[in-house]
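# Structure at a glance
As a plain string of letters, each chain reads:
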Amino acid sequence: MLTKTKIYLSSPHMGGTERSFVEEAFNTNWIAPLGPNVDGFENDINNYLGGNKHVAALSSGTASIHLALELLNVTRGDEVLCQSFTFSASANPIMYLGATPVFIDSEKETWNMSPELLEIAIKDRIEKYKKPKAIIAVHLYGMPYKAKEINAIAEKYNIPVVEDSAEAFGSYYFNQPCSTLGTLGILSFNGNKIITTSGGGALVAANEDYKKRAIFLSTQARDNAPHYEHSTVGYNYRMSNVLAGIGRGQMQVLDERVNARRKNFEFYKENLGKLEHIEFLEEPNGFYSNRWITCILTPSFEMREKIRLELLKDDIESRPLWKPMHVQPVFKNKLHFSNGTSEDLFDRGLCLPSGSNLTLNELERISNIISKIPNP
Ligand SMILES: *Cc1c(COP(=O)(O)O)cnc(C)c1O
């Protein structure tokens, strides 16, 4: 009998040259949160993004969001408007700073922050409290949010946007790369993301002062002195030179990874799209998703669970879509502006295995199981 291997939702996929960059770090003893790989990785990312940005490589995407909010002077007593339909790491840094998240639900075309609700929320907070300090918008599953509309509102009220591109490296919005659409962009290189350093992140800024300040804060906020002098609270958030070596190798295959993930989506759509009870999220005109994760929408919670459990029986990992922040126990007493969209997506949606290393056999194994489940 053939032994079947477990299929993961999204597993690391090395390109081959990572090891030589890591070896270089060992050979030159740059085993520190600075060094040639860190500089090289930042340059590689910047070149990918068009060459005119300022990139700081950090220890995680979460740390990058934390520093982004700190750079925007978010502090105790402030409110930050945050997309509700996301991973908790988008919102947690608001709490680290003693500020308060206000959650904004999604629109149906991209599943991301609803511009309409965003403006309603801003008006409400200005009237009842004070102007929110920042907006955190997320390109979920790699699908760009409606940046033109979100930016227009942000500009109208003069509120900066933190662009959570943790899932969207390699995605484009009208030919402009995700992570360059907001006031500050953030990337993640966690093990499940489109490229990985095992753990890592980056802050992307249009302005060099932001990068300098981010590096200063991420390396314990040392003032200029021969001894250790501090006038600000700092963090230990810089990326290690060893891990940046993995990142340098991964940058060489980013485009391949995007193509492979987009091919997964095409495969699923071709094989499952004809089923009446399976729907896919299409790209609106001008939106280019890296298709980090292929998601399906089913008619009901029961159908979603049936598919998930059938896959599990065959050792195939799938997962419900993100549970919205405004219904998470940890944020249950936080203000939210909702329209039911994200709760409905959570009920009916499922993430399918989407790794760039999936084989055709594995994709067929997955879609055969789903195809056999009858539509009641
Ligand atoms: C992964 C992720 C993060 C956090 O990145 P880490 O590198 O894991 O800290 C933030 N936001 C979103 C939407 C993510 O998917």
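What you are looking at is a predicted structure, and each value in this text was computed from that prediction instead of being measured.

Take the pattern of salt bridges next. Tallied over the full model, the rule gives 19 salt bridges. Its salt-bridge partner being E42, residue K211 comes within 3.3 Å of it at the nearest N-O pair. Pair noted here: K211 is in helix α7 (residues 208–218) and E42 is in helix α2 (residues 36–48), with a separation of 169 residues, a long-range link. By relative accessible area, which is 5% here, E42 ends up buried. One salt-bridge network, held together by shared partners, links E79, D124, R125 and K128.

Attention now moves to the sheet that holds strand β9 (residues 201–205). If you trace the 8 strands from one edge of the open sheet to the other, you get β1-β9-β8-β5-β4-β2-β3-β13, paired in mixed fashion. A single partner strand is all that each edge strand has here, and the edge strands are β1 (54–58) and β13 (336–337). Note: strand β2 (residues 79–83) against strand β3 (residues 100–104), 5 bridges, orientation parallel. Within β3, the position partnered with V80 by the bridge is P101. Here α2 sits on the sheet and contacts β1, β8 (184–188) and β9; the angle it forms with β1, its principal contact strand, is near 130°.

With antiparallel pairing, 3 strands are arranged side by side in an open sheet as β11-β14-β12. In this open sheet, the two strands that pair with only one neighbour each are β11 (294–297) and β12 (319–320). By the bridge criterion, 2 bridges tie β12 to strand β14 (residues 349–352) in an arrangement that is antiparallel. By the bridge assignment, P320 is partnered in β14 with L350. The strands that helix α10 (residues 301–313) touches are β11, β12 and β14; relative to β14, the one it contacts most, it runs at about 25°.

Taken together, 15 residues lie near the ligand, and G61, T62, E167, S188 and K193 sit nearest. Take E167: an N or O atom from its side chain is 2.5 Å from an oxygen atom of the ligand. Interatomic distance of 2.7 Å between a side-chain N/O atom of S188 and an oxygen atom of the ligand. Compared with its free state, where it exposes 380 Å², the ligand has 95% of that area covered by protein. Looking at the shell around the ligand, its residues break down into 4 nonpolar, 8 polar and 3 charged.

So, about the packing of aromatic side chains. One pass over the structure, following the stated rule, counts 16 aromatic pairs. Ring plane angle 70° and centroid distance 6.1 Å describe the contact between F169 and F189, whose orientation is recorded as edge-to-face. Of this pair, F169 sits in the loop between β5 (161–164) and β6 (172–173) while F189 sits in the loop between β8 and β9, placing them 20 residues apart in sequence. Of the two residues, F169 and F189, neither departs from the other in class, the shared state being buried. Taking the centre distance of 6.1 Å and the plane angle of 65° together, the rings of Y172 and Y288 count as edge-to-face. Linking Y172 in strand β6 with Y288 in strand β10 (residues 287–288), this pair joins segments that are 116 residues apart in sequence. Note on Y172: relative accessible area 23%, which makes it partly exposed. A relative accessible area of 30% places Y288 in the partly exposed class. By the ring-pair criterion, three or more aromatic residues cluster together here, those being F85, F87, W111, Y141, W292 and W322. Here the basic side chain of R222 rests over the ring of Y228, its NZ or CZ set 3.7 Å away from the ring centre.

Basis of the calculations
- The numbers attached to residues start from 1 for each chain and follow its sequence in the written order.
- Local features in this predicted model are restricted to residues whose pLDDT is 70 or higher, and side-chain atom pairs enter the listing and the counts only when it is 80 or higher, whereas totals over whole chains, interfaces and linings include all residues.
- Values shown for side chains rest on all heavy atoms present in the structure; no hydrogens or waters enter the calculation.
- Note on definitions: salt bridges are taken to be side-chain nitrogens of Lys or Arg within 4 Å of carboxyl oxygens of Asp or Glu.
- Numbering of helices and strands starts at the N terminus; helices are DSSP runs of H or I of at least 4 residues and strands are runs of E of at least 2.
- Only protein chains enter the accessibility calculation, which uses a 1.4 Å probe; a residue is then buried when its area is under 20% of its type maximum, exposed when over 50%, and partly exposed in between.
- Think of it this way: DSSP has to see at least two bridges between two strands before they count as a pair.
- Any two residues whose heavy atoms approach within 4.5 Å are treated as being in contact.
- Each axis is a line fitted through C-alpha atoms, and for a helix only the stretch in contact is used; angles between axes span 0 to 180 degrees, taken between their N-to-C directions.
- One heavy atom suffices: a residue is near a molecule or strand as soon as one of its heavy atoms comes within 4 Å of it.
- For the purposes of these results, a polar contact is taken to be a pair of N or O atoms within 3.5 Å, where, inside protein, one atom must be able to donate a hydrogen and its partner to accept one; residues adjacent in sequence count only when each atom of the pair is a side-chain atom.
- Calculation of accessible area relied on Shrake-Rupley with a 1.4 Å probe; when residues are assessed, cover is drawn exclusively from the protein chains displayed.
- For this scheme, ten residues count as nonpolar: Ala, Val, Leu, Ile, Met, Phe, Trp, Tyr, Cys and Pro. Four count as charged, namely Asp, Glu, Lys and Arg, and the remainder, Gly too, count as polar.
- Note on ring pairs: Phe, Tyr and Trp rings are taken, using the six-membered ring of Trp, and paired if centres are within 6.5 Å. Classes follow the plane angle, with under 30 degrees stacked, over 60 edge-to-face and the rest tilted.
- We call a charge positioned over a ring when the NZ of a Lys or the CZ of an Arg lies within 6 Å of the ring centre and within 35 degrees of the ring normal.

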